[in-house]
Amino acid sequence: MKILTSIGTLVLIAALVVPFQLASADNIATQQASTNKAITIHVVDKDDDTAVATITFPQGNPGVTISNPYNNVNGANDPQVLSTSASEPVVRLKNTATVSYNITLEITNWNATHHIVASEDYELVDINITNVSVVDDVLSSDGGAAIVATGVSIGADAYKALYLEVVLGTAVGKSGSSTLTILGETP
Amino acid sequence: MHCKIYCKSTILAVLLLGLLFIAGSVALATSVDRIALPNLEGYPGETIKKKITLEGTTPDERSGFWYTHYKKTEGDNDQMDITSWITIEPKEYTIKQGETKVFTVIVKIPKNARPGLWGATSEEAWKEGHSGERRTYIVFKDALAGGNVYSGLLIPISVKVLPKPNPLAQAVDFARQNTITIALAVVVIVLLVMMLLKRKRKERPREQ
């Protein structure tokens, strides 16, 4: 009886200590998957794909609408053109990613020190549209910082044309600056 | 004849060189290795850290920074804006072609945060076709040196705050997961006790 009990105890302890090992057959299949790269939108000039660093609105009288901004690549002699037949944007947005992006525009405050800009508007359209004569989608209603989901999407490896327009504020003989940001978001 | 071939070769060489320079001026921007940081899990008071990497693809150096953004939407409750929980280190960066830079997204869950999903209205928000369910984002943007035109990406982020762990529940879970082990241990203990009792019974008559 004593021996049996001892054997039983040892077996149970062994069952506790020795881990169960299940026999498994080697049947390995390699799987592969990859995802597309996410790259920011490129802000490029009117004609080719040169990166644009700055957009400038020409000087004007207080309260006047400035609708001929230009980028640093095309220069002041080749500004944005509003026209019912031959409009030209200030810059183009190019999506080189293999995913499409919803576009959000963001500007910082124009009026940190003086009332430089009363409002800013935009149009974001297909590049083959050349009858943009009105720019009236609101980017900032008071010249202050704003972030606007445009509702426009740029497909993979596609372009859009961006038009901008500001109404100058009440300040006289002053200049100011604001940054424009093109933000992409997967749909 | 020789001149024709020579001239043609020269023109071809010039054109190819020109193409090289044109290719060099092509605008590129910055890529990122995550399009979303969804459903990060943590307990109230806990800090979650996640790495995110940017890669420069432009020959010219770009300067930029990280920040957070809350997409305010009518009808949102207080669980949608978690921008105050999030910091990104380092915040500012410069990057050029071929460079990769690693950043840490630090999410500090407040001690009093209720269990549930924060920063988005659904756990599916990061997926394609669900942009309307996103609320809190981390954002990076950069521009060419001296530029005022930035380009960036909105990266949705959400946190699943877990209910505080109950010590008793942990014990119950442990018991559930180790039922066989516990049963065997009980059997062993019972057998050992029986053996000891028998030995004592046998020793008593000897003492008498």
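Note that the coordinates shown come from a computational prediction; the quantities given were computed from them, not determined experimentally. (Residues numbered from 1 in each chain as written. Chains lettered and ligands numbered in written order. Predicted model: local features only at pLDDT ≥ 70, side-chain atom pairs only at ≥ 80, totals over all residues. Heavy atoms only, no water.)

1. Topic: the overall build of chain A
From N to C terminus, chain A includes one helix and twelve strands. The linear arrangement of helices and strands in chain A, starting from the amino end, is α-β-β-β-β-β-β-β-β-β-β-β-β. Relative to its full complement of 187 residues, chain A shows a buried share of 43%. Once local pairs closer than 6 in sequence are excluded, the contacts in chain A between residues at least 24 apart make up 75%. Per element, the accessible surface of chain A, about 9900 Å² overall, is 53% carbon and sulfur. (Helix = DSSP H or I, 4+ residues; strand = E, 2+ residues; numbered from the N terminus. Buried < 20%, exposed > 50% of the residue type's maximum accessible area, 1.4 Å probe, protein only. Contact = heavy atoms within 4.5 Å. Areas by Shrake-Rupley, 256 points an atom, 1.4 Å probe, with all protein chains shown as cover.)

2. A short note on the interface of chain A and chain B
Each partner contributes to the interface: chain A provides 39 residues, whereas chain B provides 42 residues. Interface area for chain A against chain B, summed over the two sides, is near 3400 Å², with a carbon-plus-sulfur share of 63%. Viewed at the interface, chain B and chain A are joined by two salt bridges. K141 of chain B is the salt-bridge partner of E106 of chain A, the closest N and O atoms lying 3.5 Å from each other. Scanning the region where chain A abuts chain B turns up 21 residue pairs in polar contact (both at pLDDT 80 or more). The element best represented in the side of chain A that touches chain B is helix α1 (residues 2-17) of chain A, accounting for eight residues. (Buried area = accessible area lost by both parts, 1.4 Å probe. Salt bridge = Lys/Arg side-chain N within 4 Å of Asp/Glu carboxyl O. Polar contact = N/O pair within 3.5 Å; in protein donor to acceptor, adjacent residues only side chain to side chain.)

3. With respect to a positive patch on the surface
On the surface, a cluster of positive charge is made up of K198, K200, R201, K202 and R204 of chain B. Mapped onto the secondary structure, K202 of chain B falls in helix α3 (residues 179-207). (Patch = residues over 30% accessible without salt bridge, like charges linked within 9 Å, V, L, I, M, F, W, Y side chains within 5 Å. Lys, Arg positive; Asp, Glu negative; His and termini not counted. Charge placed at Lys NZ, Arg CZ, Asp CG, Glu CD.)

4. Here's the deal with the pairing of strand β6 (residues 92-95) of chain B
Residue and element names in this part refer to chain B. Here β6 shows one buried face, formed by Y93 and I95, and one open face, formed by E92 and T94. Here strand β4 (residues 62-70) pairs with β6 via four bridges, running antiparallel. Bridge pairing in β6 links G64 to Y93. (Pairing = 2+ DSSP bridges.)

5. Quick word on the side chain of N74 of chain A
Residue and element names in this part refer to chain A. Relative to the helices and strands, N74 resides in the loop between β5 (70-71) and β6 (91-95). From its side chain, N74 meets the backbone nitrogen of K46 in a polar contact 3.1 Å long. Within the structure, the side chain of N74 is placed 3.2 Å from the side chain of D47, a separation counted as a polar contact. Each residue touching N74, except ones within four places of it in the same chain, is listed here: D45, K46 and D47.

6. Description of the confidence of the model for chain A
In this model, chain A carries a mean pLDDT of 90, and residues with pLDDT of at least 70 account for 86%. In the model, residues 19-23 of chain A has pLDDT below 50 throughout and makes zero contacts with residues more than four positions away in sequence or in other chains. (pLDDT = per-residue confidence, 0-100.)

7. Let's talk about a nonpolar patch on the surface
A cluster of nonpolar residues, F174, I182, V186, V190 and M194 of chain B, forms a patch on the protein surface that exposes about 440 Å² of accessible area. With four residues, the top contributor of residues to the nonpolar patch is α3 of chain B.

8. Section: the nonpolar core
Residue and element names in this part refer to chain B. Core analysis: the biggest nonpolar cluster contains 60 residues, and W66, W85 and I138 have the highest contact counts within it. Ranked by residues supplied to this core, first place goes to strand β10 (residues 149-161) with six residues. Other than its neighbours up to four places away in sequence, W66 contacts I52, L54, I88, P90, K91, Y93, F103, I138, V139, F140 and I155. (Core = buried A, V, L, I, M, F, W, Y, C linked by side-chain atoms within 4.5 Å.)

9. Some points on the environment of S141 of chain A
Residue and element names in this part refer to chain A. Along the chain, S141 turns up in the loop between β9 (137-140) and β10 (146-154). Along the primary structure S141 and V117 are separated by 24 residues, whereas in three dimensions their C-alpha atoms are 9.7 Å apart. Filtering out sequence-adjacent residues up to four positions away, S141 remains in contact with A118 and S119.

10. Remarks on the confidence of the model for chain B
Residue and element names in this part refer to chain B. With 85% of its residues at a pLDDT of at least 70, chain B reaches an overall mean of 86. pLDDT under 50 marks residues 9-25. Its contacts with residues more than four places away, or in other chains, come to four contacts. Both confidence scores are given for the complex: pTM 0.77, ipTM 0.83.

11. Quick notes on the sheet that holds strand β1 (residues 38-39) of chain A
As summarised here, the arrangement of the five strands in space is β1(A)-β1(B)-β3(B)-β7(B)-β5(B), forming an open sheet in which the pairing is antiparallel. Each edge of the open sheet carries a strand with a single partner, namely β1 of chain A together with β5 (86-89) of chain B. Sheet analysis places β5 of chain B next to strand β7 (residues 100-108) of chain B, joined by four bridges and oriented antiparallel. Along β7 of chain B, the bridge assignment pairs I86 of chain B with V107 of chain B.

12. So, the packing of aromatic side chains
Throughout the structure, instances matching the rule amount to seven aromatic pairs over all chains. Residues F57 of chain A and W110 of chain A carry aromatic rings whose centres are separated by 6.1 Å and whose planes lie at 75° to one another, so their mutual orientation is edge-to-face. Of the two residues, F57 of chain A sits in the loop between β3 (55-56) and β4 (65-66) while W110 of chain A sits in the loop between β7 (101-107) and β8 (117-125), which places them 53 residues apart along the sequence. Each member of the pair, F57 of chain A as well as W110 of chain A, carries the same accessibility label: buried. On the numbers, 5.0 Å between centres and 40° between planes, the contact of W85 of chain B with W118 of chain B is tilted. Taken together, the residues span a long stretch of sequence, with W85 of chain B in the loop between β4 and β5 and W118 of chain B in strand β8 (residues 116-118) at a distance of 33 residues. When sorted by exposure, W85 of chain B lands in the same class as W118 of chain B, which is buried. Pairwise contacts between aromatic rings join W66, Y93, F103 and F140 of chain B into one cluster. Directly above the ring of Y150 of chain B sits K141 of chain B, whose terminal nitrogen or CZ lies 5.3 Å from the centroid. (Phe/Tyr/Trp six-rings, centres within 6.5 Å; stacked < 30°, edge-to-face > 60°. Lys NZ or Arg CZ within 6 Å of the ring centre and 35° of its normal.)

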